[in-house]
Amino acid sequence: MPASPDPHHDQQPHPNAAPLDSLILHTTDNAISWITLNRPEAMNAVTWDQRERVIALLDEASGDPTVRAVVITATGKGFCAGADLRGAPATGERVPGDVARTIRRGAQRLISAVLDCEKPVIAAVNGTAAGIGAHLAFACDLVVAAEQARFIEVFVRRGLVPDGGGAYLLPRLVGPQRAKELMFFGDAVSAADAERMGLVNRVVPADELEKTARAWAERLAAGPTRALALTKQLVNASLESDRATAFAAEAAAQEINMTTADANEGVAGFVERRAPSYRGR
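Below: a short report on this structure. Everything numeric here is computed off the predicted structure, so don't read it as measured data.

Quick look at the sheet that holds strand β6 (residues 128-130)
What links the strands of a sheet is backbone hydrogen bonding, and the strands pair in either a parallel or an antiparallel sense. Spatially, the 4 strands line up as an open sheet ordered β4-β6-β8-β9, and their pairing is mixed. Of all the strands in the sheet, the pair left with one neighbour each is β4 (78-80) and β9 (188-190). Within this sheet the neighbouring strands show an average axis-to-axis angle of 20°, counted without direction. Pairing analysis gives 3 bridges linking β6 to strand β8 (residues 150-152), with the strands arranged parallel. Bridging across to β8, Ala-129 finds its partner in Phe-151.

Here you go:
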């Protein structure tokens, strides 16, 4: 694997790095924001500046009414091999608190940007997703994987504790025992096994990956955008909430959503026995 995810270092932009626009490809097509990691020669191991660009694009998607869904994917044979340390400055004497600060500012911000994005986010996993790359996929709302994709909790192989929210995400997706198995051993999990465990929604042949991700994203982009955002918030918060808190949040979300044009359109479509036409407002 060309790069190892290491939560104990924060990368800085390399002075000889390729232009960022070529390392993170971005287009908006049919109300879908496509974010593509584009360092295939490094299995898309993510650098500091790439991470910051992805965070910015997700934040922009939240506030842009013309964007109604997001797809994160990659070029080449790898989805993301973890964090790329090449170009990181030499570290001096470590001060207590440095490591925790680096984690908060780095990997955790990236995962939080996906979880907090107000638009539904699909991961289209084309190949190996390791370390923070696996967590980037698992943080997405839906995961479509090519048959050759693999997921690896690589941290234990380096003697490291998982970062980027791994110990938060995995138990919620597969339960604590299975999460410990994945993290304790660091074995590669095939796309088929990941689907069986509940880490992946759909596995498709490689030549159908983009088509499937696009079809799902277009369905989401044609949906009631604010209702989807509120639904995402409710589901993400549900496992930390008691019943009273979850029910109160649900009622509040309904109250907010009923002020939207899409909610009115959805009800009108039902009453008039026609398909609603949502505008994301």
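Remarks on the sheet that holds strand β10 (residues 202-204)
Reading across from one edge, β1-β2-β3-β5-β7-β10 is the order of the 6 strands in this open sheet, with mixed pairing throughout. With one partner strand each, in any of the chains shown, β1 (24-29) and β10 form the two edges of the open sheet. Along the sheet, successive strands turn relative to each other by an average axial angle of 20°, direction set aside. Alignment of strand β5 (residues 121-125) against strand β7 (residues 142-146), held across 4 bridges, turns out to be parallel. Bridged to Val-125 within β7 is Ala-145.

Quick look at the pattern of salt bridges
The full count for this structure, using the stated rule, is 12 salt bridges. Among the salt bridges present, the one from Glu-118 reaches Arg-226, with a minimum N-O distance of 3.1 Å. On the criterion of sequence distance, the pair formed by Glu-118 in the loop between α4 (107-116) and β5 and Arg-226 in helix α10 (residues 225-238) is long-range, its members being 108 residues apart. The exposure class assigned to Arg-226 is partly exposed, which follows from its relative accessible area of 28%. Between Arg-274 and Glu-265 there is a salt bridge, with the nearest N and O atoms lying 2.6 Å from each other. Within this structure, Asp-29, Glu-210 and Arg-214 form a network of salt bridges that share partners.

Side note on the layout of surface pockets
Estimated volume of the largest pocket: approximately 590 Å³. Along the walls of the largest pocket sit 23 residues, with Cys-140, Asp-141, Leu-173, Val-235 and Asn-236 positioned nearest its centre. Going through the elements one at a time, α5 (132-139), β7, α6 (166-174) and α10 are the ones with two or more residues in the lining of the largest pocket. Tallying contributions element by element places α10 first for the lining of the largest pocket, with 5 residues. Across the lining of the largest pocket, the residue classes tally to 16 nonpolar, 4 polar and 3 charged.

Describing the side chain of Glu-265
Assignment of secondary structure puts Glu-265 in helix α12 (residues 261-271). From its side chain, Glu-265 meets the backbone nitrogen of Ser-277 in a polar contact 2.9 Å long.

Focus on the packing of aromatic side chains
On inspection of all chains with the given rule, the structure shows 1 aromatic pair. One cation-aromatic arrangement involves Arg-172 over Tyr-168; the distance from NZ or CZ to the ring centre is 3.9 Å.

Section: the packing of α5 against α6
The N-to-C vectors of α5 and α6 enclose an angle of 50°; their axes lie 10 Å apart at closest approach. Taken together, α5 and α6 sit at an angle that is classed as oblique. The handedness of the crossing between α5 and α6 comes out as left-handed. Two secondary-structure elements touch here, α5 through His-135, Phe-138 and Ala-139 and α6 through Gly-166, Leu-169, Leu-170 and Leu-173. In terms of residue class, the contact of α5 with α6 is made up of 5 nonpolar, 2 polar and no charged.

What counts and what doesn't
- Residues numbered from 1 in each chain as written.
- Predicted model: local features only at pLDDT ≥ 70, side-chain atom pairs only at ≥ 80, totals over all residues.
- Heavy atoms only, no water.
- Pairing = 2+ DSSP bridges.
- Helix = DSSP H or I, 4+ residues; strand = E, 2+ residues; numbered from the N terminus.
- Axes fitted to C-alpha atoms, helices over the stretch in contact; angles between N-to-C directions.
- Salt bridge = Lys/Arg side-chain N within 4 Å of Asp/Glu carboxyl O.
- Buried < 20%, exposed > 50% of the residue type's maximum accessible area, 1.4 Å probe, protein only.
- 1 Å grid on protein atoms, 1.4 Å probe; cavity = no way out; pocket = protein on both sides within 12 Å on 5 of 7 lines; lining within 4 Å.
- Points joined across faces, edges and corners; volume = space filled by probe spheres on them.
- Nonpolar A, V, L, I, M, F, W, Y, C, P; charged D, E, K, R; others polar.
- Polar contact = N/O pair within 3.5 Å; in protein donor to acceptor, adjacent residues only side chain to side chain.
- Phe/Tyr/Trp six-rings, centres within 6.5 Å; stacked < 30°, edge-to-face > 60°.
- Lys NZ or Arg CZ within 6 Å of the ring centre and 35° of its normal.
- Parallel < 35°, antiparallel > 145°, perpendicular 65-115°, else oblique.
- Left-handed = near helix turned anticlockwise from the far one by under 90°.
- Contact = heavy atoms within 4.5 Å.

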